Amino acid sequence: MTELSRRTFLGGTAAAAGLIAGVGAPLAAGSTAASGPAYGPAAHVAKLDANENPYGPSPTAVKEAFEAVRQGGAYYVRDTVSLLKAMIAERNGVSPDQVALSNGSSAVLTFIATAAGQRGNILAPDLFWDSTVRRGTRQSGEIVRLPKTESLAIDLDVMEPSISDDISLVHVTNPNNPTSLVLDGEALRAFCKRASKKATVLVDEAYNELTDNPEYYSMVDLVREGHDVIIARTFSKIYGMAGMRVGYTIASPENTALIESYGLGDYTLNQAGMAAAVASYNDRGFLEMSRAKIFEGREMIEAVLTSVGLSALPSATNFLFVDLGGLNADDFQAAMAARNVRVRGVYRDYHNWSRVSMGRLEHVQMYVDALPPVLESLGA
Ligand SMILES: Cc1ncc(COP(=O)(O)O)c(C=O)c1O
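All residue numbers refer to position in the chain's written sequence, counted from 1. Given that this is a predicted model, residues contribute local features only at a pLDDT of at least 70 and side-chain atom pairs are listed and counted only at 80 or more, while totals for whole chains, interfaces and linings are drawn from all residues. To obtain the side-chain values, all non-hydrogen atoms of the structure were included, while hydrogens and water were left out.

### Brief notes about the site of the ligand
- The near set for a molecule or strand comprises every residue that places at least one heavy atom within 4 Å of it. Inspection of the region around the ligand gives 14 residues, with S105, S106, D204, T234 and S236 positioned closest.
- Polar contacts, as counted here, are pairs of nitrogen or oxygen atoms within 3.5 Å of one another; within protein the pair requires one atom able to donate a hydrogen and one able to accept it, and residues that are adjacent in sequence qualify only if both atoms are side-chain atoms. Within the backbone of S105, one N or O atom sits 2.7 Å away from an oxygen atom of the ligand.
- Separating an oxygen atom of the ligand from a side-chain N or O atom of S106 is a distance of 2.4 Å.
- Each accessible area value is a Shrake-Rupley result obtained with a 1.4 Å probe; residue values ignore everything except the protein chains displayed when judging cover. With the chains in place, 94% of the 400 Å² that the ligand exposes on its own is no longer accessible.
- Secondary structure is summarised from DSSP: a helix means a run of H or I of at least four residues, a strand means a run of E of at least two, and numbering begins at the N terminus for each. At four residues, the largest contribution of residues to the shell around the ligand is made by helix α4 (residues 104-119).
- Considering only residue class, the shell around the ligand consists of four nonpolar, seven polar and three charged. Each residue is assigned to one of three groups, with Ala, Val, Leu, Ile, Met, Phe, Trp, Tyr, Cys and Pro labelled nonpolar, Asp, Glu, Lys and Arg labelled charged, and all others, Gly among them, labelled polar.

### Observations regarding the layout of surface pockets
- A pocket here means an open set of points on a 1 Å grid, computed over the protein atoms alone, that has protein on both sides within 12 Å along at least five of seven lines. A cavity is instead a set of points where a 1.4 Å probe fits but cannot get out; residues with an atom within 4 Å of a point line either one. Grid points are joined across faces, edges and corners, and a volume is the space filled by probe spheres set on the points. By volume, the second largest pocket amounts to about 450 Å³.
- Every residue lining the second largest pocket is counted, 19 residues in all, and those nearest its centre are R91, N208, P214, E215 and R233.
- Every element with two or more residues in the lining of the second largest pocket is listed here: α3 (79-92), α8 (214-217), α9 (220-224) and α12 (284-307).
- Top contributing element to the lining of the second largest pocket by residue count: α12, with four residues.
- Residue classes in the lining of the second largest pocket are distributed as seven nonpolar, three polar and nine charged.
- Throughout, the edges of the domains are those of an automatic or database domain assignment. Counting contributing residues per domain, the lining of the second largest pocket is built from domain 1 (24-57 + 285-377) and domain 2 (59-281), each supplying no fewer than three.

### Side note on the domain arrangement of the chain
- Parsing the chain into structural domains produces domain 1 (24-57 + 285-377) and domain 2 (59-281).
- Domain 1 and domain 2 are separated by 25 Å when their C-alpha centres are compared.
- Should any heavy atoms of two residues lie within 4.5 Å, those residues are considered in contact. At the junction of the two partners, domain 1 supplies 25 residues and domain 2 supplies 33 residues.
- Across the domain 1 to domain 2 interface the summed buried area is about 2300 Å²; carbon plus sulfur atoms make up 65%.
- Any Lys or Arg side-chain nitrogen located within 4 Å of an Asp or Glu carboxyl oxygen qualifies as a salt bridge. The interface formed by domain 1 and domain 2 includes zero salt bridges.
- Viewed at the interface, domain 2 and domain 1 are joined by eleven residue pairs in polar contact (both at pLDDT 80 or more). By buried area we mean how much accessible surface two parts lose on assembly, using a 1.4 Å probe and totalling the loss over both.

### Quick word on the packing of aromatic side chains
- Put simply, two rings from Phe, Tyr or Trp (the six-membered ring, in Trp's case) pair if the centres are within 6.5 Å, and we call them stacked under 30 degrees between planes, edge-to-face over 60, tilted for the rest. Taken as a whole and judged by the stated rule, the model has nine aromatic pairs.
- Both rings, one in Y76 and one in Y267, keep their centres 5.3 Å apart while their planes meet at 75 degrees; by these two values the pair is edge-to-face. In this pair, Y76 is assigned in the loop between α2 (59-72) and α3 and Y267 in the loop between α10 (253-261) and α11 (271-281), connecting sequence segments 191 residues apart. Here Y76 and Y267 have matching classes, each one exposed.
- Between Y207 and F319, the ring centres sit 5.1 Å apart and the planes meet at 75 degrees, which makes this aromatic pair edge-to-face. Linking Y207 in the loop between β6 (200-204) and α8 with F319 in strand β10 (residues 319-323), this pair joins segments that are 112 residues apart in sequence.
- A simple rule labels every residue: compare its accessible area, found with a 1.4 Å probe on the protein chains alone, to the largest value its type can have, and call it buried under 20%, exposed over 50%, or partly exposed in between. You can call Y207 buried: its relative accessible area is 4%.
- Site record: aromatic cluster; members linked through ring pairs are F235, Y239, Y248 and Y281.
- The residue whose ring lies beneath R78 is Y267, and the NZ or CZ to ring-centre distance is 5.9 Å. We call a charge positioned above a ring when the Lys NZ or Arg CZ atom is no farther than 6 Å from the ring centre and deviates by at most 35 degrees from the ring normal.

### Things to note about empty space enclosed by the protein
- Enumeration over the complete set of coordinates arrives at one cavity of 30 Å³ or more.
- Class assignment of the residues belonging to the lining of the largest cavity gives a composition of six nonpolar, two polar and no charged.

### Focus on the sheet that holds β10
- Reading across the sheet, the three strands line up as β9-β10-β12 and stay open at both edges, with antiparallel pairing between neighbours. Only two strands of the sheet have a single partner each, and these edge strands are β9 (311-312) and β12 (353-357).
- Should DSSP find at least two bridges between two strands, the strands are regarded as paired. Sheet analysis places β10 next to β12, joined by five bridges and oriented antiparallel. Across the sheet, residue D323 finds its bridge partner in β12, namely W353.
- Axes here mean lines fitted to C-alpha atoms, for a helix over just the part in contact, with angles spanning 0 to 180 degrees between N-to-C directions. In the packing of α12 onto the sheet, the strands contacted are β9, β10 and β12, and the crossing angle to β10 comes to about 10 degrees.

### A word on the nonpolar core
- Core analysis: the largest hydrophobic core is formed by 81 residues, its most contacted members being V170 and Y367.
- Among the elements that line this core, the one with the most residues is helix α14 (residues 361-377), at seven residues.
- For Y367, the contacting residues outside a window of four places in its chain are L48, I301, L305, V322, F332, M336, V341, V343 and V356.
- By size, the runner-up hydrophobic cluster in this structure holds 18 residues, among which are A113, A124, F128 and L169. For the purposes of this section, nonpolar cores are sets of buried Ala, Val, Leu, Ile, Met, Phe, Trp, Tyr and Cys residues that join through side-chain atoms within 4.5 Å.

### Digging into the pattern of salt bridges
- All chains considered together, the criterion is met by 16 salt bridges.
- R78 is the salt-bridge partner of D266, the closest N and O atoms lying 3.7 Å from each other. Within this pair, whereas D266 is found in the loop between α10 and α11, its partner R78 is found in the loop between α2 and α3, the two being separated by 188 residues in sequence.
- Judged by relative accessible area, which is 26%, D266 ranks as partly exposed.
- A salt bridge links E209 to R233; the shortest N-O distance between them is 3.6 Å.

Spelled out as structure tokens, the structure:
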């Protein structure tokens, strides 16, 4: 390696480490070969930019993951894969061959988008968590983006007549990211029944467990009834396991086989992630504690927004989409970062909308404390 390429390579690696920790250069925890790895953000950083649950993983998940690595780290994972599939299948009233597991739900979502892109185009709202469809349509297929309603909700009335013959997949995220809005369960259910006669409907339910009625808002009953609907779920959000990479789909056996055909199955899964998922799937105590902290954080931020004359969309999730009025979200992001508070910047052409995730309450408090002076510094 030449000196130049060596430097470029090392520079790139350091930058990537900062990105993975979710912190930019001024906030970086400082993983270097000399100091060893940093497994999370630095303690003085309020990392409120990726909708993680920093109260996780649950203590039982951590204990089991450790055991799994100690006893099983030398071996490819197998038994826990079957166990987790069986647990998910049982809870959702489907058979294990209707569950596909992957490295976070990003992987299954990308497989679905890739398969759909090879058959046609993907219909979606203009603003949603679109990383996987952008990746999936890189080789073939396009994303057809539809305008949302005035209140920024996904417009099912516009979506339905837009399912033309070239659409192979309808992609709905409910609750949606970054808007935090949830579509009414019955309205979505009626839409999915009709829409799935024309194209496969994917409902990404990454934040379902954070709604006030997860069963009502989930479309998994449509899979049970045999509609052409795929449900995607993840252990990255309420379960607090974003770094352990476990997600899944629930779908017909045919759709499940198709999704699995794009990946390497068990070979992409790992002992620690599987063990942690099995341990926390039914850990009601941990899930309730997490929900309570998230709701408390949301109330803290909503209160400070009110006090400074701002507001956010009604949230069914662990994040808020804040209307900054006349302010640009990238400027706001930079000013908050200077105070060690990490939030998201501009999404597409939503220049004045800023997404903030709930974190540990002490980190939410940092947002609350930083907001008034930051607004003042930006002349708001
Ligand atoms: C709506 C939605 N779906 C899926 C994901 C992917 O998460 P993971 O791959 O960690 O399961 C995210 C991540 O933020 C998300 O917001």
